[in-house]
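So you can see what is in the structure, the chains are spelled out below.
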Amino acid sequence: MEKRGFLHRFVFMAAALAVACQNVEPQTDANNDASPVAAQTDTPAFNAATVWDDVREDFDLFYAYRDLRGFDADAYLDRVGELVSTAPDRETFRRHLHRATYAFTDPHLAFGPPETNDFNTIPTASDLQIGYEPAENKSGRYVILDVRADSAAAAAGLRPGWEIISVDDIAIDAAALAVFADLIDNPSDAQRAYAATVVSNGRREGDRRIAVQKPDGSQRSLLLANPRDYAKSVMDNPMIVTNRITAPDGSNIAVLRINNRLGDNDLIAAFDKAVADVIDADGLILDMRNTPSGGNAEVGKSIIGHFTEELHPYQVHEVPSLMREFTVPRRFVEYLYPRAPYFNASQTVVLGGYWTGSMGEAIVIGMDGLGIQTIASDMGDLLGGMSNFSFDDSKITLAIPTETLFHVDGTPREDFVADTALLSADRDADGSDPAMAAALAYLQRP
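These numbers were taken from a predicted model, which means no experiment stands behind them.

**Examining the overall build of the chain**
Then comes step 1: Along its length, the chain carries 13 helices and 18 strands.
Then comes step 2: Taking all 446 residues of the chain together, 55% fall into the buried category.
Then comes step 3: For the chain, the share of sequence-separated contacts (at least 6 apart) that also reach a separation of at least 24 residues comes to 71%.
Then comes step 4: Just so you have it, the chain exposes about 19400 Å², and 50% of that area is on carbon and sulfur atoms.

Shown next, in the form of structure tokens:
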């Protein structure tokens, strides 16, 4: 078993929702054959308590949002430690730890490598966003907040405002509470909503059965395809889809919708061309509602750069671990450079929603900092700048936010509210597109 040494200091910066376990190669001799001595060496026994000590030390130091999630993280992590330290094997240890991350309601936080029985990654492999409405003297209601456009849930007719009754024949309250079994006795409303969203989107393999109640009191039971299927299909679509809309006032509106490619550097040139192709439009709608998986800053800044004619602040970073370890804070501002061709920012609208994650959120917030009109519901809340860690000879991995991020006006990313704030951005109760309707109305303003 490795002791952390350089590994916990040498942090690999990445924008990733999950990290794969590295393969451990056998030792080889000079002839590149597997060494008979190495082949006969017994693998050291897994020591859960020792690995947990390493995990806890790094988690406490580096997790940027550790103390910003609205509950007693110290007491919670002590309880997690009691559970995981007696795990009989690596797989059970990793499974307990991964489940423990849900209490932080942070989709960027994950222990790997993933297993087929893990819940799907939120928001990438999801098509339902669930909220929790508490009630006195009885269990509250779990209500659909939004339904991902073009997904299996949308095709089945699910709508915001419908109540989730059960998932896979388990009452939704019981299913949500099971996520925190042995870890939290009384989850908060936010934790219940997060857990309900997780379970409603199913596991990495297999369909899910959702029972719902409509506002008129009628109930339906639906077998829905795994949202991972749609997530994979998105990656087969063009990086950017361009549409033209003739508005009622006769104006020509261009819509650029990005299909979850903010980590693909080829998008830089593709977006340059897309803007050039619509430069004659009277208005532009940048649709970021299908970017749940994040991306990298070079792609993000190249997109926003088309909407500024001068050097401009983009976002603010802070590194809490430096304050925790050295009492010396680090806070810095990242800047945008102008990028040709320039499109008039006053005639631009950017859309965001629950399936706008990480770098997608940064683009929406960065464009807001330029004074561009933003229309969005709550977004994915993929918080912070990401780093990857590994433990137990790289057999257990941790993706973790190590920087907190802010709007240039100082607002934390997770507290951002759009100029036009929507309850749902992809679909409304009638199945129409509320964000697009609001954008067209804005661009036709007097």
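Next comes the rest of the write-up.
**Considerations on the pairing of strand S7 (residues 208-213)**
On a regular strand, each side chain points to the face opposite its neighbour's, so the side chains alternate between the two faces of the sheet.
Then comes step 1: In the sheet, strand S5 (residues 163-167) pairs with S7 via four bridges, with the strands oriented antiparallel. By the bridge assignment, Val167 is partnered in S7 with Ile210.
Then comes step 2: Hairpin connection of S7 to strand S8 (residues 219-224): five residues between the antiparallel strands, including Gly217 at a positive phi of 95°.

**Concerning the side chain of Ser126**
Then comes step 1: Along the polypeptide, Ser126 turns up in the loop between strand S2 (110-112) and strand S3 (128-135).
Then comes step 2: For Ser126, a relative accessible area of 2% puts it in the buried group.
Then comes step 3: In terms of polar contacts, Ser126 uses its side chain to reach the backbone carbonyl oxygen of Pro123, at 2.8 Å.
Then comes step 4: For Ser126, the contacting residues outside a window of four places in its chain are Thr121, Arg148, Asn201, Pro227 and Trp355.

**Brief notes about the pattern of salt bridges**
Then comes step 1: Under the defined criterion, the tally for this structure stands at 23 salt bridges.
Then comes step 2: Among the ionic pairs, Asp118 bridges to Arg94, the shortest N-O distance being 3.0 Å. With Asp118 in the loop between S2 and S3 and Arg94 in helix H4 (residues 90-100), this residue pair connects regions lying 24 residues apart in the sequence.
Then comes step 3: Taking the relative accessible area as the measure of exposure, Asp118 reaches 8% and is therefore buried.

**As for unusual backbone geometry**
Then comes step 1: The linkage connecting Ile122 with the following residue, Pro123, adopts the cis geometry, with an omega of 0°.
Then comes step 2: You can see Pro123 is positioned in the loop between S2 and S3.
Then comes step 3: The omega torsion across Ala340 and Pro341 is -5°, close enough to zero to call that bond cis.
Then comes step 4: Summarising the element assignment, Pro341 is placed in the loop between strand S13 (331-336) and strand S14 (348-352).
Then comes step 5: Phi at Thr105 takes a positive value of approximately 45°, unusual for a residue other than glycine.
Then comes step 6: With respect to the helices and strands, Thr105 occurs in the loop between H4 and S2.
Then comes step 7: The backbone of Asp392 sits at a positive phi, close to 55°, despite the residue not being glycine.

**Observations regarding the sheet that holds strand S9 (residues 240-246)**
Then comes step 1: With mixed pairing, six strands are arranged side by side in an open sheet as S9-S10-S11-S14-S15-S18. If you trace the sheet from one side to the other, it starts and ends with S9 and strand S18 (420-421), each paired once.
Then comes step 2: Two strands pair when backbone bridges link them, and strand S15 (residues 373-376) and S18 are joined in this way by two bridges, in the parallel orientation. Note on S18: the bridge partner recorded for Ala376 is Ala421.

What counts and how
Every chain's residues receive numbers from 1 upward, in the order its sequence appears when written. Where local features are concerned, this predicted model is filtered to residues with pLDDT of at least 70; where side-chain atom pairs are given and counted, the filter is 80 or more; whole-chain, interface and lining totals use all residues. For side-chain calculations, the full set of non-hydrogen atoms in the structure is used, while hydrogens and water are omitted. In DSSP terms, a helix is any run of H or I states spanning at least four residues, a strand is any run of E spanning at least two, and both are numbered starting from the N terminus. Exposure categories follow from relative accessible area, calculated using a 1.4 Å probe and restricted to protein chains: below 20% of the type maximum is buried, above 50% is exposed, and the middle band is partly exposed. Contacts between residues were defined by any pair of non-hydrogen atoms, one from each residue, lying within 4.5 Å. Only the protein chains shown count as cover for residues, and the accessible areas themselves come from Shrake-Rupley with a 1.4 Å probe. Strand pairing follows a simple DSSP-based rule, namely that at least 2 bridges must link the two strands. Side-chain atoms alone can form a polar contact between residues adjacent in sequence; in general such a contact is a pair of N or O atoms within 3.5 Å, and within protein one must be able to donate a hydrogen while the other accepts it. What counts as a salt bridge is simple: a side-chain nitrogen of Lys or Arg found within 4 Å of a carboxyl oxygen of Asp or Glu.

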